[in-house]
Amino acid sequence: MLGMSCVLNHLRAERGFLLRLQRTGQTQPCLSGQLSQRTLTRPFSRAPHSAASQARLKLRTRLAVTLLFGGGLLGVWWYVDSEKQQRLRQQRVEQLRKVALGQGAFSLLDHTGRRRTKQDFLGSWVLMYFGFTHCPDICPEELDKLSAVVSALDRDPSLPPVQPVFVTVDPERDDVAALARYVKDFHPRLIGLTGTPEEVKHAGRDYRVYASAGPKDEDGDYIVDHTILIYLLSPDGLFLDYYNRLKSQEQIVESIRNHVHNYVSL
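The following paragraphs examine the structure supplied in this document. (Residues numbered from 1 in each chain as written. Predicted model: local features only at pLDDT ≥ 70, side-chain atom pairs only at ≥ 80, totals over all residues. Heavy atoms only, no water.)

**Section: the sheet that holds strand 2 (residues 115–117)**
Note the following rule: Two strands qualify as a pair provided DSSP detects at least 2 bridges between them. The helix count covers DSSP runs of H or I at least four residues long, the strand count covers runs of E at least two residues long, and both are numbered beginning at the N terminus. Here an axis means a line fitted to C-alpha atoms, over the contact stretch when the element is a helix, while the angle between two N-to-C directions is reported on a 0 to 180 degree scale. In this analysis, two residues are considered to be in contact whenever any of their non-hydrogen atoms come within 4.5 Å of each other.
If you trace the seven strands from one edge of the open sheet to the other, you get 2-1-5-4-3-8-9, paired in mixed fashion. Because the sheet does not close on itself, it has two edges, and the strands there are strand 2 and strand 9 (239–243). Here the strands of the sheet are splayed against their neighbours by 35° on average, with no regard to which way each runs. Bridge count between strand 1 (residues 107–110) and strand 2: three bridges; the pairing is antiparallel. Looking across to strand 2, one finds that S107 is bridged to T117. The sheet strands contacting helix 5 (residues 249–261) are strand 3 (125–131), strand 8 (230–233) and strand 9, and the helix crosses strand 9 at an angle near 170°.

This is the structure we're talking about:
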């Protein structure tokens, strides 16, 4: 009995030890698992948030640097372009001055008897033609073409009005009354200019216009040989371009349109 009691006691003690060991084994891994989970969860749960913040900060920094760099480049480009345009304007002024066309200040009478000077046309685009009212064919043809050009330009709302001007090279026959009758056959804005022989000669000389009266016939009539050109003047009063008889209406319109769109006031 004593031996059996010892065996039973030993078995109870062993069973109790195993139960305690089992409890300890179940609890310890659970605690270890919780600690491991907490230990692993905290760093990994914060790591993505921190990485995203750093990425956003880097992106903002890059954007700021890019904007500053781009703004600097834009400022440099604007400065260089401004300097280039200024040099081109200066070169253009010098070229126009070297041409020395239309540099003078003429003073003539228009077809209404009003005194007109070059100052009256400043601020306006001008198409100017030199001719005479007794011209049989060339002058009417050129004035018809000039009038058609002005009308075509008038139909373009993006362009300012162009002032057509006719200057006689025959002041002896083309007085105010003769010009008033003559300009009625062309564009309604056409202004005819005349004056004394000296005034007309002075105006023509400024534009290098050649004019020479031929011999008179038995009726006292004569033809004037003269330069056949249409002159384009800028709002600054300077000569910009010219068009001879070979230039068509369409070519002249396109040329003037380009001049107007690319024009920079001096």
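**Some remarks on helix 3 (residues 176–183)**
Because each turn of an α-helix spans 3.6 residues, side chains separated by three or four positions in sequence point in the same direction. For the record, the criterion: Whether a residue is buried, partly exposed or exposed follows from its accessible area with a 1.4 Å probe, protein chains only, as a fraction of its type maximum: under 20%, in between, or over 50%, in that order. The arc under discussion is defined with respect to the helix axis, by the directions toward the C-beta atoms.
Restricting attention to buried positions, one finds in helix 3 the residues A178, L179, Y182 and V183. Down the axis of helix 3, the smallest arc covering the buried residues is 120°, so these residues share one side. Contacts from the buried residues of helix 3 go to helix 2 (138–154), strand 4 (162–168) and strand 5 (191–194).

**Observations regarding empty space enclosed by the protein**
In plain terms, the rule: A cavity, in this analysis, means grid points on a 1 Å lattice covering only the protein atoms where a 1.4 Å probe fits yet has no way out; a pocket is instead an open set bounded by protein on both sides within 12 Å along at least five of seven lines, and a residue lines either one if it has an atom within 4 Å of a point. Grid points are joined across faces, edges and corners, and a volume is the space filled by probe spheres set on the points. Only Asp, Glu, Lys and Arg are considered charged, only Ala, Val, Leu, Ile, Met, Phe, Trp, Tyr, Cys and Pro nonpolar, and every remaining residue, Gly among them, polar.
Under the counting rule described, the total for this entry stands at one cavity of 30 Å³ or more. Its boundaries defined by the atoms lining it, the largest cavity holds a volume of some 60 Å³. Along its surface, the largest cavity is lined by F106, K118, F121, L122, S124, V126, M128, Y207, L233, S234 and G237. Classifying every residue of the lining of the largest cavity gives seven nonpolar, three polar and one charged.

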